[in-house]
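# Tertiary structure, described
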Amino acid sequence: MRHTHLRSLLITGTLLAATAACGGGTTSTAEEKTLTWASTGGQFQEDEKKALQQPFTAKTGTTFVNVSPADPAQVKAMVASGKTQWDLANMSWIYAGAYCGELYEKLDDPGLDRSKFPPGTTHDCFVPTYRYANVFSYNADDYKDNPPTKIEDFFDVERFPGKRIVQDYPKNGLLEAALVADGVPPDKVYPLDVDRAFRKLDTIKSSLVFAPSYGAVQQMLVDRQGSMVITVTARSIVTAQSGANLKAVWDFTTTDIGALVIPKGAPHKALAQQGLIFVTEPAQAKAYAELTGTAPARADVDISSIAYSDIQKSFNAFLPDRGRLLEQDKPWWIENTDALVKRWTSWKVS
């Protein structure tokens, strides 16, 4: 049955989430001008407040209640109880795609112009709020005289010895990289030839280190537990800022989106959609990109006009001359994530 793994993830923590969702509280007279925004916490959510929320407050008077983490299990619990409290949530688009109309609202505001976003990045239940990449980088201290220059080098442990760090999740860009390194043209990568990809991964399996979180990826790199990595744009930037001598390899890179989604039964769906439209407009998109080093979601925002720092530029896949880029196929991942997670989990221990 489709999405059984996603369903099991949603079940985790559901009872606790339901208790939180059903908690009491008084209703403010300003409730209609308040949006509850769930996200990741930490600096990432602080950047959302500054670049996205505060300008919307200035324009409309809307205030925000910020909560974290944005756990899909809590969305399921709130919807099941009929007491959804969140209006917007920053979480993987896979959940919104898999449970569109069931646990997440369809976006139907006529002001939401999907034509302004790159092809393949929108859905009935989500549009991108920013873009990022799964960046292949290496520790320059480990390869001073012979640095890697192409995606094949990630899979060449003889010429480039050392551990390779990846996040412990199959949608980390590694499967696509394996296929391209094995000779598949980027425009032929999807649908993924999963058997071929895992055969390629078998050749470097003993050199892979699986990090349980982005924070662990960063710490492992700073502690020099690995010489190469494939990880997301923002984490690459923060890791380099933390002291790791990372250098990006611009040959083949998968790209993806971050998305704000609206849980089913959100108290202020109409206002939430207005907020979603607002945060993707050029001014807010540029401000957010400058804070995070990610790229604007809309295709009509000139990335060259964004005041990135030098270190942000060094890990930004959307700047000129960054090699071959491939957007991760949204319908394919929505359909196949369950099977891939099971295959990934069994492969690691085999």
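Here, the structure is the one placed above.
The following refers to the structure shown. If you're wondering where the values come from, they're calculated on a predicted model, not measured in any experiment.

Turning next to the state of the cysteines. Following the criterion strictly, the structure yields one disulfide and no others. The side chain of Cys 100 participates in a disulfide bridge whose partner is Cys 125; the two sulfur atoms lie 2.1 Å from each other. Between Cys 100 and Cys 125, the S-S torsion sits near 85 degrees, and that sign places the bridge as right-handed. Note that Cys 100 is positioned in the loop between helix 5 (93-98) and strand 4 (128-139) and Cys 125 in the loop between helix 5 and strand 4, a separation of 25 residues in sequence. We classify Cys 100 as partly exposed; its relative accessible area is 21%.

Another aspect to go through is the side chain of Asp 87. As for its placement among the helices and strands, Asp 87 is situated in the loop between helix 4 (72-81) and strand 3 (88-90). Reaching out from Asp 87, the side chain makes a polar contact with the backbone nitrogen of Thr 36 at a distance of 2.8 Å. When near neighbours in sequence (up to four residues on either side) are disregarded, Asp 87 contacts Thr 34, Leu 35, Thr 36, Val 261, Ile 262, Pro 263, Ala 266, Pro 267, His 268 and Ala 272.

For Gln 273, the location among the structural elements is in helix 10 (residues 269-279). The residues contacting Gln 273, other than those within four sequence positions of it, are Lys 106, Leu 107, Asp 108, Asp 109 and Ile 262.

Mapped onto the elements of the fold, Val 75 is located in helix 4. Residues Val 75 and Leu 103 lie 28 residues apart in sequence; the distance between their C-alpha atoms is 7.0 Å.

Moving on to the side chain of Glu 105. Relative to the helices and strands, Glu 105 is located in the loop between helix 5 and strand 4. Within the structure, the side chain of Glu 105 is placed 2.8 Å from the backbone nitrogen of Gly 265, a separation counted as a polar contact. At a separation of 3.4 Å, a polar atom in the side chain of Glu 105 contacts the side chain of Lys 269. Contact partners of Glu 105, with chain neighbours within four places excluded, come to Cys 125, Ile 262, Pro 263, Lys 264, Gly 265, Ala 266 and Lys 269.

The subject of this paragraph is the packing of helix 7 (residues 194-202) against helix 13 (residues 330-349). Think of two packed helices as two axes; the pair is described by the angle between the axes and how far apart they sit. Interhelical geometry of helix 7 versus helix 13 gives an angle of 35 degrees and a closest axis separation of 12 Å. You can see that helix 7 and helix 13 cross each other, and the crossing is right-handed. Counting all contacts with helix 7, which are made through Val 194, Asp 195, Phe 198, Leu 201 and Asp 202, the residues of helix 13 involved are Trp 332, Leu 340, Arg 343, Trp 344 and Trp 347. Grouping the amino acids of the contact of helix 7 with helix 13 by side-chain chemistry returns seven nonpolar, no polar and three charged.

This part takes up the pattern of salt bridges. As enumerated under the stated definition, the model contains 17 salt bridges in all. Put simply, Asp 256 and Lys 171 hold a salt bridge, and the shortest N to O gap is 2.4 Å. Of the two residues, Asp 256 sits in strand 9 (residues 252-261) while Lys 171 sits in the loop between strand 5 (164-167) and helix 6 (174-181), which places them 85 residues apart along the sequence. Just as Asp 256 is buried, Lys 171 falls in that class too. One continuous salt-bridge network, built from bridges that share partners, spans Arg 131, Lys 171, Asp 256, Glu 327 and Lys 330.

Turning to the packing of helix 3 (residues 42-60) against helix 11 (residues 282-292), a few remarks are in order. Interaxial distance between helix 3 and helix 11 falls to 9 Å at its minimum, and their mutual angle equals 160 degrees. By the angle class used here, helix 3 and helix 11 are roughly antiparallel. Of the two elements, helix 3 crosses helix 11, and the hand of that crossing is right-handed. From helix 3, Phe 44, Asp 47, Glu 48, Lys 50, Ala 51, Leu 52 and Pro 55 reach across to helix 11, where they touch Gln 284, Ala 287, Tyr 288, Leu 291 and Thr 292. In the contact of helix 3 with helix 11, the residues fall into seven nonpolar, two polar and three charged.

Ranked by internal contacts, the top residues of the largest apolar core, which has 58 residues, are Tyr 104, Phe 154, Phe 155, Leu 174, Leu 192, Leu 201 and Trp 333. Of all the elements in the fold, those that place two or more residues in this core are helix 4, helix 5, strand 4, helix 6, helix 7, strand 7 (228-232), strand 9 and helix 13. Here this core takes seven residues from helix 6, the largest share from any one element. When residues no more than four places from it in sequence are discounted, the contact partners of Leu 192 are Leu 175, Glu 176, Leu 179, Trp 332 and Trp 333. Among the nonpolar cores identified, the runner-up in size contains 25 residues, and Leu 35, Leu 88, Val 232 and Ala 297 belong to it.

Here we take up the packing of aromatic side chains. All told, the structure shown has 18 aromatic pairs when counted by the stated rule. Between Trp 37 and Phe 64, the aromatic rings sit 5.7 Å apart at their centres with planes inclined by 75 degrees, giving edge-to-face as the arrangement. One end of the pair, Trp 37, is in strand 1 (residues 34-38); the other, Phe 64, is in strand 2 (residues 63-67), with 27 residues separating them in the sequence. Overall, the relative accessible area of 18% leaves Phe 64 in the buried class. Summarising the aromatic geometry, the rings of Tyr 130 and Tyr 132 are spaced 6.2 Å apart at their centres and angled 40 degrees between planes, so their arrangement reads as tilted. Residue Tyr 130 shares its accessibility class with Tyr 132, and that shared class is buried. Linked through ring pairs, Trp 37, Phe 56, Phe 64 and Phe 278 together constitute an aromatic cluster.

What counts, and where the lines are drawn
Residues numbered from 1 in each chain as written. Predicted model: local features only at pLDDT ≥ 70, side-chain atom pairs only at ≥ 80, totals over all residues. Heavy atoms only, no water. Disulfide = S-S within 2.5 Å. Helix = DSSP H or I, 4+ residues; strand = E, 2+ residues; numbered from the N terminus. Buried < 20%, exposed > 50% of the residue type's maximum accessible area, 1.4 Å probe, protein only. Polar contact = N/O pair within 3.5 Å; in protein donor to acceptor, adjacent residues only side chain to side chain. Contact = heavy atoms within 4.5 Å. Axes fitted to C-alpha atoms, helices over the stretch in contact; angles between N-to-C directions. Left-handed = near helix turned anticlockwise from the far one by under 90°. Nonpolar A, V, L, I, M, F, W, Y, C, P; charged D, E, K, R; others polar. Salt bridge = Lys/Arg side-chain N within 4 Å of Asp/Glu carboxyl O. Parallel < 35°, antiparallel > 145°, perpendicular 65-115°, else oblique. Core = buried A, V, L, I, M, F, W, Y, C linked by side-chain atoms within 4.5 Å. Phe/Tyr/Trp six-rings, centres within 6.5 Å; stacked < 30°, edge-to-face > 60°.

Treat this as a map of the structure, not an account of what it does.
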